[in-house]
Amino acid sequence: MSLSPSSSSSHAETLLSLKRRIAVLEELNTELRTPAERKGNSQALEGRVIRRLVCLTERVEDLVSEFDRRTTLGTTDGSDAEAFESSSTMENRRYRSYKKLVMWCPSVRMLMQSSAESSELAATCSKLNRSADAARGDDTTSLKFTLASWLMQTSPTLNSVISHRDKSCCGFHHDTTGKLLCPVDYNWNDAVVREAIQNYHPNYRVTSYSWPSYLYRDGHYNPQNPTKGLFKGELLVKAVKHIFTSPSSAENTSEAIAYTAVQLWFALSSAGSWRIVDDDFDQEEFYHNVVDYFELCPSQEAAKEVENLLLWWNQQVFGRRNVSEYRPQKTEWLSVAMTSTAQ
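Remember, predicted model here, so these are calculated numbers, not experimental data. (Residues numbered from 1 in each chain as written. Predicted model: local features only at pLDDT ≥ 70, side-chain atom pairs only at ≥ 80, totals over all residues. Heavy atoms only, no water.)

**Observations regarding the environment of isoleucine 257**
Looking at the secondary structure, you find isoleucine 257 in helix α10 (residues 254–268). In sequence terms isoleucine 257 and phenylalanine 231 are 26 residues apart; their C-alpha atoms lie 8.2 Å from each other. Those residues in contact with isoleucine 257 that sit more than four places away from it in its chain are Phe231, Leu236, Val290, Phe294, Leu310 and Trp313. (Helix = DSSP H or I, 4+ residues; strand = E, 2+ residues; numbered from the N terminus. Contact = heavy atoms within 4.5 Å.)

**Some points on the packing of aromatic side chains**
Following the criterion strictly, the structure yields 15 aromatic pairs and no others. Both rings, one in tryptophan 211 and one in phenylalanine 231, keep their centres 5.4 Å apart while their planes meet at 75 degrees; by these two values the pair is edge-to-face. A residue pair is termed long-range when its members are at least 10 positions apart, and tryptophan 211 in the loop between α8 (191–198) and α9 (234–243) and phenylalanine 231 in the loop between α8 and α9 qualify at 20 residues. Of the two residues examined, tryptophan 211 and phenylalanine 231, each falls in the buried class. Centroid distance phenylalanine 231 to tyrosine 293: 5.2 Å. Interplanar angle 55 degrees. Geometry classified as tilted. Residue phenylalanine 231 is located in the loop between α8 and α9, and its partner tyrosine 293 is located in helix α11 (residues 283–295); the two are separated by 62 residues in the primary sequence. Each residue in the set Phe172, Trp188, Trp211, Phe231, Trp265, Phe281, Phe286, Tyr293 and Phe294 is aromatic and connected to the rest through ring pairs, giving one cluster. For the cation-ring pair, lysine 167 lies above phenylalanine 266, with the distance from its terminal atom to the ring centre recorded as 3.7 Å. (Phe/Tyr/Trp six-rings, centres within 6.5 Å; stacked < 30°, edge-to-face > 60°. Buried < 20%, exposed > 50% of the residue type's maximum accessible area, 1.4 Å probe, protein only. Lys NZ or Arg CZ within 6 Å of the ring centre and 35° of its normal.)

**Section: the pattern of salt bridges**
Scanning all chains against the criterion turns up 16 salt bridges. The closest approach of N and O atoms between arginine 96 and aspartate 292, which form a salt bridge, is 3.8 Å. A residue pair is termed long-range when its members are at least 10 positions apart, and arginine 96 in helix α4 (residues 89–104) and aspartate 292 in helix α11 qualify at 196 residues. Residue arginine 96 shares its accessibility class with aspartate 292, and that shared class is buried. Residue aspartate 280 is joined to arginine 205 by a salt bridge in which the shortest nitrogen-to-oxygen separation is 3.2 Å. Here arginine 205 lies in the loop between α8 and α9 and aspartate 280 lies in the loop between β1 (277–278) and β2 (281–282), a separation of 75 residues in the sequence. Given a relative accessible area of 43%, arginine 205 falls into the partly exposed group. (Salt bridge = Lys/Arg side-chain N within 4 Å of Asp/Glu carboxyl O.)

**Points about α11**
A turn of α-helix holds 3.6 residues, and therefore any two residues three or four places apart point the same way. End to end, α11 covers 18 Å across 13 residues, agreeing with the expected 18 Å (1.5 Å per residue, within 8%). All buried positions along α11 are accounted for by Gln283, Phe286, Tyr287, His288, Val290, Val291, Asp292 and Phe294. Looking at the buried positions of α11, the neighbouring elements they touch are α4, α10, β2 and α12 (300–318). (Expected span 1.5 Å × (residues − 1).)

Nothing here speaks to function; it is all geometry.
See the structure below:
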């Protein structure tokens, strides 16, 4: 049965109306869905900086719990991390890490300042943790491949191949990687020492209580001037530049240097998979030793030395022309400001 012209026209209008309604509903659905997607993407990006710039292993919820604990005690108002010094080194480290967490991860800061449900905070922490660990895994894989290429390009040519696939012959089993990993307290060039290290002799243990040679410029350590050249190792600088190709900040931090130092240790070692404790060497303690060197200076003189060291780092990574980005000029004592106040 054929439709009359009026019926056909009415049917067409109905279809157009339905299509318009579907289009409107799709737009509404997109508007409702997009913020959540953007929020999830934002948290994923924020999470990727946690291992690099906040802490090596701590879970986000543990950092938040430390803040909550201090708030419950009424001992913090958001001021310096040392506002309340706990007797526990771990708790103090967690609180300092929390302060950095809310700086680098705005989503956590906003949730802490809101009346969000605990379930929402837990979900956010879970996403950040996953993203943080994934980023660390990506950096581990990338540096492992790149480091093998760097070392194989050294001159003179290495006697034995360094493989990016099989690391079992690296670490203290290979002369080049062994020399870089060797604690500065020992002489790798001494055959007796090399053998003692390889055989785990108790007098030549490799622990986080000694700085590895790759942290020093040219691997040279002077017991009479132990800080000279420290954290200026050529390989360490190359590794930082490799990992922080698109830095989230226009400034190098102690966490960035410590994180890279840990990643470099693993890349040089014979360990086949990521681990916090490699034989006697505790990666987490090593990480904290580096961070503490920069942040817990024992004197004003040491603090000035660290300030100059960080300036050197930023010049190496970002260049001298960009100094205003990582060392803003103090203009209040310059001529323009002084003449303005004199009027």
